[in-house]
Structure formats: structure tokens, C-alpha cells
Amino acid sequence: MLKIVNIIPKNWSDEENQDCEPNLSVNPANPNEVIVTAFTFDNPAGTSAVSPAMAGNWAPIFSSVDGGDTWALQFVLPSAAGDQLPTWDVTCRYGGTSGEVYSGLISPGGFTILINRAPNAITQQTTMTTVTGDQPFLEATTAVIGGVSQDRLYVGYNANSNRSTVNVFLDAATSAATTANPLDVRFPFDMPPTRTAIHSSGTIYSAFYSYNGAVRSPGDLRDVVVVKDLNWGGSTPAFQNLVDTGDGKVGVRIATSISNPWYNSNFEDPSFGNDRYGPELAIAVDPNDVQRVYIVYATGTSASDEALHLRWSSDGGHTWSGDLRTIPTAKNPSIAINALGMVGFAYQQVVGANWMTVLEVSDDGFISSFSSHILESTPTNAPTPASVMATYLGDYIKLQAIGFDFYGIFSASNAPAKANFPSGVTYQRNVDWATQTLLGNNGVTPVAVSIDPFFFKLTIEVPVVATAIANRGFFGDVCLGSFVDEMLTINNSGSGVLKISKIASTSVDFEVPSVISYPLKVGAGDSIDLMIRFKPTGHGFKSGKIEIFSNDPTSPHSIDVSGECPAPRLSMIMANRGNFGNCCVGSFVDEYLILNNSGKCTLTVSRISSSAGEFIVPEVLSYPITVGPGDSLPVPIRFEPVSFGSKSATITVSSDDPSGPASINVSGDAPPGKLAVGGSTTFGGVNACCCADRTISICNVGECALHVTSVHFKRKSRHWRLIHNPFPAKLRPGSCLPVVIQYRATEKCSRSCELVIESDDPSTPVKILDVLAYTVWDYCCKEHGEECCDKCHKESRCQQGYPCCCEDDEDEEHEG
Amino acid sequence: MPSLDELVTIAEAAAFIFSGSITRTGTSTLSAVPVDANTVVVSVDEVIKVPAGLRNFAGSEVTVQLRHPLPAGHYVFFAEPMAVGEGIAVRELAHLEGRERADAVAAVERAYAARMAPRLQAAVLVALGTEGEIRPLLPPAERRGQVPWALARFEIERVLKGNGRLRHVTLVGPVPASKRLPRAPALRAGLHAILILQRPPEEAIEHIPEDERKGALFIAETVDIQPSERFEALAQIIATENE
């Protein structure tokens, strides 16, 4: 919002003075208080009088206490009755937070500069000190040193009309003590303007034009020089902190050997809007960055090639850019940098037959863009130049930044035509807008057009980011591989356009929308909705911040976001604690291992393994296998023992359960067969040459098959033989097979024999049975001896058996 | 009550001399002025002296910051400007009772005479006329560090003092006003006024073409330019001085 006010008070409506060369100061402690100086008389006639002269001893300043909306004249500046100007060059400043008002003015009595102060804007000023020179230009601030507030006052001027000098007052509110600091180490002559810029750190920049020659001559060229002091201008020596890399001398020359007329013709030049031009100069430092400095200077040999040059330094004045802006046919530059780092550049330019006062503002330091405000566009010949002063509009204007806002003052024709003020204007003095006529105090008498000071204020409309997101930014439960979108509303609750330059997330789990082209713009009071996506990349609680970078002065803004990515949870269930029970070798038992997902998200199983080969996991053609939340998957596990005994193993299931692979113990038993022998192996006496049989049953009384691998006599004997031996054989549980043992009673001396039964009964892998029999030799055998069996066997004498067959006598192969 | 001599001094210093009645006490016609018991609002009924260009002061209300409290009544105020905003505020230098208005008028006239008499006495020529076109004596490049001298022809209508047969003279003076000669008003083309003229300073004569040097004259002070309506008053002062 731009406000422009003609500051001539209502009861000064009769005035027809050339109120030019204005300067301004806003009280930093109270921005509602503003003061302005100009060449304003203590009588309305001013330069329009038959003999322009002061009526009394006090020249006025303009004062506002409502932020520039209304103005009054306060007659407080020392002058003298009869002087043809109220003051010559004059500038004023509020001290800083002290509220003290300082002024520097050339006494009408010559080149004496009076440096004055007063406790406020309505009290007549008292002179602190005087110096001799030209164009006093003040800057001031309040520094707090050791808890004590001190006004620091800097009076830049052309001492003795020769040397650019800064008089430093380190405690201006209480002491007139000052140190004069000549700035030019190269040449003995400088042009009138000496400008300073103060940074709150105590760094003071100063700029001036140095005559590029030991002796003034009409063809003199100029150097534009910047110096710096790091200690409030109180260093000894002061302003020595910038050294030019070209010649190694104090003061960086940002432009050398330039043409710049010393106020060209020193009169109101028709080819330059009826004004003069010359050593235009302004300098400003960023309040937030002491290294960032801007300067404007002028070059030219005539009105046709005169131009202003805006440049900057990012390294505290050591090096400087080329032109950021080049303004032809212009004068009265002023620059200021606000608390947001925005650079304001004001100037007055001849455009056709008009003077145009322009305010340009850039939020990127004029690197690539700026906005432009035309404050006024008025004819260069209305009013007709009074030719009292050497200037038409004056040799300077002033732009100042307080906080975010820009304040300024310029002088221009007061011809009351709305079209002259495209940004609008308010007049306090009496005006008939319909007839475009100024009216006197009585509101009736027409008043001639003249030059008036105009106050302006550019209120930087600052956007303010406000955000809204549901549930305090908590996205709830989102499973891995899935996502949830939530709307983030960005509202601009401020007064300026919000420009969003970047939206970022501090967490990979929270995604911000892709923006094809920044900035995003949100008007005052408007909102935009953006979708923020929670797409977790891992399990567990996730949090992050969504950061919004914008031109809100408090940028960036952070919004906390969070969400939960629940993990699947594997639970395993198996009957009987994983005990498969008994299973015979060669057989198998299957039991189900239940994989249950007791979590909120899908369980992904990547592997099922067994630590023992007798517990067999199912074959899975393709992993992974998934189990939905709350679902179960029965997985068959097979117990297939390959040997007898207790068996155990660990079944391990690998999944995306964050707790890691889960294991369950399984066990089983593979019982063996059990050998039992039934029947007697005692034959007793057997008549000689008879054979007797005995049958034994070899049984399996175990739970699993019994492998009888061999039944045989331990030693060979022609008296013993197995006439029926089905072994080796496998006996099912509970089954038996007979073995028939034959005794051939031909022993002269009985000897026991051992029947060996070999099996896989682990408890009795070898069972030995004694088989007992003896030959009963009767009188026949005794009679016949070895021929007994041939003589006797035909007789039915085998009571326990049967006669042995003769051919059997030859069979001495015994099965074992 | 001050003596007439004192009054003359006060009248010379006062930019405002007017008569009026105190209508309100402890108040102001403009917010820019702090108010105390000595702040009064006066209804102006007659103007004796006001700053040049201020019209219609009579009949208006003005805030007066008194030196001392005054009871309601009619007074003649001598004042200097204090503040101007939505109203006008002045600071009292002195006051007279309203019935002593004639003394105030006399003081103003005597102050004027006292101010002008020495000027007139020192003048070489006092005449009513009109300044003509300005001719700068120095090119722009040479004006640096010097008074920007210029010439203008002064067409004479009536002579108050000096050679009555003169019809024009050459004026030399700065154009524009110069800090190097702060008291000397700038020459202005078209100015119709009574000029009280002196011999130019040597510094100026050096720059005047030789054929114009002899008769060149110079305006030394702003007071040496008087509006045409002052002709009779100046004539009277000259006559009085001659007596």
C-alpha cells in the first residue's frame, strides 16, 4: 500500500514557495513521528515574494505525529530575519531511540555549518557546534554501549568546500565533542556530497567523489570512493578499513576517472527539466547483513548522457558489481534496505516534458527483478523556475526504511491534477480538484502552482503463513508398500502476496507434492491445499517436518507430521508343543505349523527352514508367501525319521516381522522294533541217530518293524541245523516268524550250542540263545558204535524226534 | 508597557502583529502544539503585520502561547511563528492592550523606517522598475567555486534617489543565489519592484564587460528589494533623512 501526502499544512495554503531539496527522518523509536526539512520559509510567499526573505529567526521543519497522514510546520531551525533562504543546505535526523532531533544546516551567513539538536521536533534547536563547509548530510542512530544508550551522529560534508569529511559524534545527545575525519587520502579536492550509512554493528560506510587530480580543472575526472570504519567511526585513524587493491590506498574506488559535472551549469537547465545535475550520491547498508552495501552515483557530461548507476557489494565494500540499474537523465537518488532485505531505490527522472519520481523496490537486490511505483509525473515547467535557487527540485531526496516499510520525501510541482499522481495523493492544503486549482487559506482565492514536498510511505504487505492439517499431522496406520494422503492447507493471513519458493520434507517417509514451477502464489486471505503423502519406508513410528519456504519474514515454517507403519507379527502355532509323537523309521508323520499374522499389515514370509533333515519343511516353489493381517497359513511339517530314537529340530520362519526370524522346536520319536523269542531251545535227550526239532518264534513286540538280519548258530556243528530259517526278514510290530532248529543226536559228547539272532533291536542287537540237547546213546549204538545210525535208525526208536535221513549226515553246512 | 524604542525592536522581530480577543484558554486550534495554562485561542480582528503571502489572517482564530497568563480581553499581540497545521500557533513576544493598537502601528512604521533608512542612505540609486533578461557572465564550467555573476537590465519607471534621468541601468548580481554571497539576492527577470542599489563589489566588476562597468549597480541585501506599494513610504523616509 502506497501513501503519498502533500505536506503543506492546511493553514499554509497561501504558500507559493519553492519548497525543494527535502530530507526526511522517521523516529525509529516511534515510526508515527516523522520530520522533514526543505527550503521552506517562515512566510507563505517564500521564493514568490518580491524579495524572498525570512520574516523571523526560525525556519520551519515539517512534523507529523500520525505516521505522515497530517503535517504541521514547527519553527525550530535557526535562521535570521532578512535571509534570502530560510537555510541553505539542511538535513535532519532523529537520533535513534533517544527521540533527540539533530539538524545540520548551512547558516545563511556563508559556509558555516551549524550542527544543532533539540529534545524533540517541537523545540527550537540549539547549536552544538559549527564547522565550515558545504552540504551537511546527517545520519544518526542510538548505540547501547555497556548498557548505556548513546546517540551516534555522523555529519558528512565538504569541509572548507574542499575535503569530504565525516564529523563523528559518539555521544551526541549529551556532548558536542566531535572528531573530524577527512576521508580522501588521494586528492585534496572532493565534490560536495559525502554520504554515510550506519550498521547497528558499529560499521560505518561513507562514500564521496574524489577529484581525480591534484589541481581542480574544468576537465577533472572523478573517482567514486567508499571507505569504512568498524568501530562507529571512532577508530584511530578512522575509516581505514577498506583498501583499494588497485593502488593499495585507503578507500575502494568503485568507479574511476568518470565524468561528472560539478552541478553542470549551476542553474536550472531547460535540457534537464529546468534543474541542475551533478555529483548524485547515495549509499545504504543492509540492516541484517553488514557486508551487503548498495551505492548510487552519477556520470555524464551533459543532460544527454547523464545517468545514475546502482551497484552493490556483498563483501563489505571490497568489491563491487557492475550496474544493477542505469537510470538516464535522473538525479536525487536515495536507497534504503528494509528489515526483510528488500532494497528500495528512489530517484527523479526527466521523462519527456515531465519530472517523474520513481520508487523501485526489489526483494532480490535488483539482481533480476523489481517493482516500480511512479509517485508523481509533473511538468518540468510548472511552475516556471523561480531562478532564486540553483535547483528546481533540489539536490537530494530521502528514502528511509523502518522495519518492513519504506518512507520517503521528494519535491515536485504541486499542480493539483490527479493524473499527475498515478499512485494517488492526499493534499492537506486547500484544493479544488474539479478545477485543478490550489486555493488559499480562505478556501477561495486561487494560489499559483509552486514546488511542494511530498511524503510517501510504502507499506510492505507482508504475507503470513498459517497452516492446517487434520489430526495434528498424524496420518494413522499405513502398511509398508501402501500410502495415505492428507491435505495440508496453507493460508496467507497477512496483507501481502505469499510466494512459496519451496516445500520440502525432512523425512523420506513423507512426500511433498511435485511442483512444476515455483513460486506458488497465495493472495492475502487465500489458501491453497496440498496433499502430503505418508508412504513409510520401514516399520514403526515415523515422524518428520514439512517445511514451507516463502517470503513470509518468519520463513521457513515447519509442520510436524507423523504416522505409524505397523509391523506384521508372526505367531506360530503347533499342536502338542511341536511333538510329533512316535513315527517308525521309514514312515512319516505330518503336523501343521500354523503361521498366524497377528499384526496390522501383511506378513511376508521369505523362508522356512529346518535344522534337522528328519523334520522336513514344505517345498515352496516361490517365495515370498504372504499372510494377511489376522490371517493364518498352515504349513505342513513332516517328521520322517531315518534312525531310531528321539529326534528334535528347530523350524525357523524368516519374515518381515521386525522381531526377526521366529523359531519353534519340534520333536518326535522313532521307536525301534523289539525282539522277543518264544519257544524252548532245550531238546533234552534225543535218542541217538534221531533228529529232533524244536521251533522257536522270533517276534517283534515293539512298535515299529524289527529287522532280523540273521539267525545262525554261533559255531558250525553237524549236530545242529536250522531247518527253517526265514531270516533275514522284517517283522512287523506284533508279528513272529518261526525258526526250526534240528538236533541230530549223533554226539558222543553233548555240547551246548548257541543260536545267534541278530536284529536292529537297539536294546538287543544280538541275542544268543543256548540250545541244549544230548544224545541218548542206547545199547544199539553202544553195540554198533559208529554204524549205529545205519543199523539202528530204521527202527522206531526216535521217541523225541524222528530218524534222521542218511543223506542228512553229509550235510554239514549250517545256516547261521 | 514597553517603551516605543523597545516596541520598535519587538515590532522588527515579530513576524505577526495583530489585534484580537482571547476566546478560550488552555486549548489550541492545532494538535501539534502542547497545551498549558498559557495557551490561548485568539480571534483575530485586525492584522498589522503578517508574514508575506499569508492572506485572510484577519477573522481567523490563532493559538497564542503567552509569556504569562492573560485574562480574557482584547489585545495587540507581537509574536513569532510557532507552528502551522490545521491552525496557526504563534509565540508571544509582547502584547499591548487592545486600545493601544496605534502604538503598535507606529512601532511597525518606525521599525520599517529604522531598517530602511540606512539602506537608503547608503544607496546610489533607489528606483522603481523592472528587471530584464538575465545574462550570465560565466559559462557553467567556470562557475565552480565562484559567485555565478550575471547581468540584467533594469528598466526604470521612477527614481526615488539618484539620477532622475536614468531610464535603465545594468544590474550585476548572482544568478542563482549563491552561498558565496549569501546576503545578495539573485537577479530575477521580470521582477517589478523598488530596488535600493549599491556599487558592485570588486569581485563582480572584474567579470563585467568594460563598457558596462561604469553604470553597473548591485542589490546587496534582500531588504534592498521593496514592493512597489512601498514607494510613498520610502519617499517619506528619504525626505525625512534629507531633512
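Quick note: structure is the one above.
Residues numbered from 1 in each chain as written. Chains lettered and ligands numbered in written order. Predicted model: local features only at pLDDT ≥ 70, side-chain atom pairs only at ≥ 80, totals over all residues. Heavy atoms only, no water.

J.: Explain the overall build of chain B here, please?
T.: Looking only at helices and strands, chain B has five helices and eleven strands in total. Dimensions of chain B, computed from the C-alpha atoms along their principal axes, are close to 65 × 45 × 25 Å. By sequence separation, contacts in chain B at least 24 residues apart represent 68% of the contacts at least 6 residues apart. Each charge class in chain B can be summarised by its mean position, and for the 26 positive and 31 negative side chains these summaries are 5 Å apart. (Helix = DSSP H or I, 4+ residues; strand = E, 2+ residues; numbered from the N terminus. Contact = heavy atoms within 4.5 Å. Lys, Arg positive; Asp, Glu negative; His and termini not counted. Charge placed at Lys NZ, Arg CZ, Asp CG, Glu CD.)

J.: Help me out: how do you make sense of the nonpolar core in this one?
T.: Across soluble globular proteins, nonpolar side chains have a tendency to be buried as a group. Counting residues in hydrophobic clusters, the biggest one holds 44 residues, and the most contacted among them are I35, I115, M128, L153, V155 and F169 of chain A. Of all the elements in the fold, those that place two or more residues in this core are β4 (58-64), β5 (72-78), β6 (90-94), β7 (101-106), β8 (112-118), β9 (126-145) and β10 (148-159) of chain A. Beyond its immediate chain neighbours, meaning those up to four positions away, I115 of chain A contacts S103, T126, T127, M128, T129, V131, L153, V155 and F169 of chain A. V34, V36 and W58 of chain A together with V84 of chain B belong to the second largest nonpolar core, which has 38 residues in total. (Core = buried A, V, L, I, M, F, W, Y, C linked by side-chain atoms within 4.5 Å. Buried < 20%, exposed > 50% of the residue type's maximum accessible area, 1.4 Å probe, protein only.)

J.: How do you make sense of helix α2 (residues 101-122) of chain B when you look at a structure like this?
T.: All names here are of chain B. Between its first and last C-alpha atoms α2 spans 32 Å; for 22 residues at 1.5 Å apiece the expected length is 32 Å, and the two agree. Residue M116 marks the point of greatest curvature in α2, where the axis turns by about 30 degrees; the proline P118 follows within four residues. Among all positions of α2, only A104, A107, V108, A111, Y112, M116, A117 and L120 are buried. (Expected span 1.5 Å × (residues − 1). Bend = angle between axes of the 7 residues up to and from the residue.)

J.: Whenever I open this one, the pairing of strand β23 (residues 354-362) of chain A confuses me. Can you help?
T.: Both faces of the sheet carry side chains from a regular strand, because those side chains alternate between them. All names here are of chain A. For β23, the tally of buried residues reaches eight of nine residues, placing the bulk of the element in the interior. Judged from the nine bridges that link them, strand β22 (residues 343-351) and β23 form a sheet pairing that is antiparallel. Within the sheet, the bridge partner assigned to V350 lies in β23 and is W355. Between the antiparallel neighbours β22 and β23 lie two residues, among them G352 with a positive phi of about 65 degrees. (Pairing = 2+ DSSP bridges.)

J.: It is not clear to me how the side chain of E131 of chain B should be interpreted in this structure. Could you clarify?
T.: All names here are of chain B. Looking at the element boundaries, E131 is found in strand β6 (residues 125-136). For the buried residue E131, which engages in no salt bridge, the nearest side chain bearing the opposite charge is R188, 6.1 Å off. One polar contact links the side chain of E131 to the main-chain amide nitrogen of R188, over a distance of 2.7 Å. Not counting the four nearest positions on each side in its chain, E131 is found in contact with R153, F154, L171, L187, R188, A189, G190, L191, L195 and I219. (Salt bridge = Lys/Arg side-chain N within 4 Å of Asp/Glu carboxyl O. Polar contact = N/O pair within 3.5 Å; in protein donor to acceptor, adjacent residues only side chain to side chain.)

J.: Explanation requested: the sheet that holds strand β20 (residues 325-328) of chain A in the structure shown.
T.: Sheet strands pair via backbone hydrogen bonds, and the direction of the pair is either parallel or antiparallel. All names here are of chain A. Overall, antiparallel pairing links the four strands, which are arranged β17-β18-β19-β20 in an open sheet. Single-partner strands in this sheet number two, and they are β17 (281-286) and β20. Strand-to-strand, the axes of this sheet are offset by a mean angle of 15 degrees, without reference to chain direction. Of the strand pairs in this sheet, strand β19 (residues 307-313) and β20 are connected by four bridges, and their pairing is antiparallel. From the neighbouring strand, H309 faces β20, where its bridge partner is T326. (Axes fitted to C-alpha atoms, helices over the stretch in contact; angles between N-to-C directions.)

J.: Could you clarify how one ought to interpret the environment of S759 of chain A in this entry?
T.: All names here are of chain A. Mapping S759 onto the fold places it in strand β57 (residues 753-759). By relative accessible area, S759 is classed as buried at 9%. Within the structure, the side chain of S759 is placed 3.2 Å from the backbone nitrogen of D761, a separation counted as a polar contact.

J.: Hey, could you run me through the sheet that holds strand β36 (residues 510-511) of chain A in this one?
T.: Residue and element names in this part refer to chain A. Spatial ordering of the open sheet is given by β32-β34-β38-β36, a layout of four strands whose pairing is antiparallel. The open sheet has two edge strands with one neighbour each: β32 (465-469) and β36. Two strands pair when backbone bridges link them, and β36 and strand β38 (residues 527-534) are joined in this way by two bridges, in the antiparallel orientation. Directly across from E511, in β38, lies its bridge partner R533.

J.: Please clarify how unusual backbone geometry should be interpreted in this entry.
T.: Most peptide bonds take the trans form, and the phi angle of most residues other than glycine is negative. Residues and elements named next belong to chain A. Residue P556 follows S555 across a cis peptide bond; omega there is 5 degrees. Position of P556 among the secondary structure elements: in the loop between β39 (540-550) and β40 (557-565). Unlike most non-glycine residues, F239 shows phi in positive territory, near 60 degrees. Mapped onto the secondary structure, F239 falls in the loop between β15 (222-229) and β16 (252-258). F239 sits in the buried class, given a relative accessible area of 1%.

J.: Looking at this structure, how should I read the environment of A415 of chain A?
T.: All names here are of chain A. With respect to the secondary-structure elements, A415 resides in the loop between β26 (405-413) and β27 (426-427). The class of A415 is buried, set by a relative accessible area of 15%. For the pair A415 and E747, spaced 332 residues apart in sequence, the C-alpha to C-alpha distance is 163 Å. In contact with A415, other than residues within four places in its own chain, are N420, F421, Y427 and V449.

J.: Can you walk me through the interface of chain B and chain A in this structure?
T.: Quite often, the size of an interface is put as the accessible area lost when its parts meet. The interface of chain B with chain A comprises 45 residues on the first partner and 58 residues on the second. Overall, the association of chain B and chain A removes approximately 4,000 Å² of surface from exposure, summing both partners, and the carbon and sulfur fraction of that is 55%. Among the residues chain B hides against chain A, the three largest losses belong to V84, R144 and K179 of chain B. Together they make up 21% of the total. In this assembly, chain B and chain A are joined by five salt bridges. (Buried area = accessible area lost by both parts, 1.4 Å probe.)

J.: Just checking my understanding: could you explain the environment of T141 of chain A for this structure?
T.: Residue and element names in this part refer to chain A. Counting through the fold element by element, T141 comes out in strand β9. Sequence separation of T141 and A773 is 632 residues, and the distance between their C-alpha atoms is 138 Å. Leaving out residues up to four positions away in the same chain, T141 has contacts with G95, G96, Q150, D151, R152, I198 and W232.

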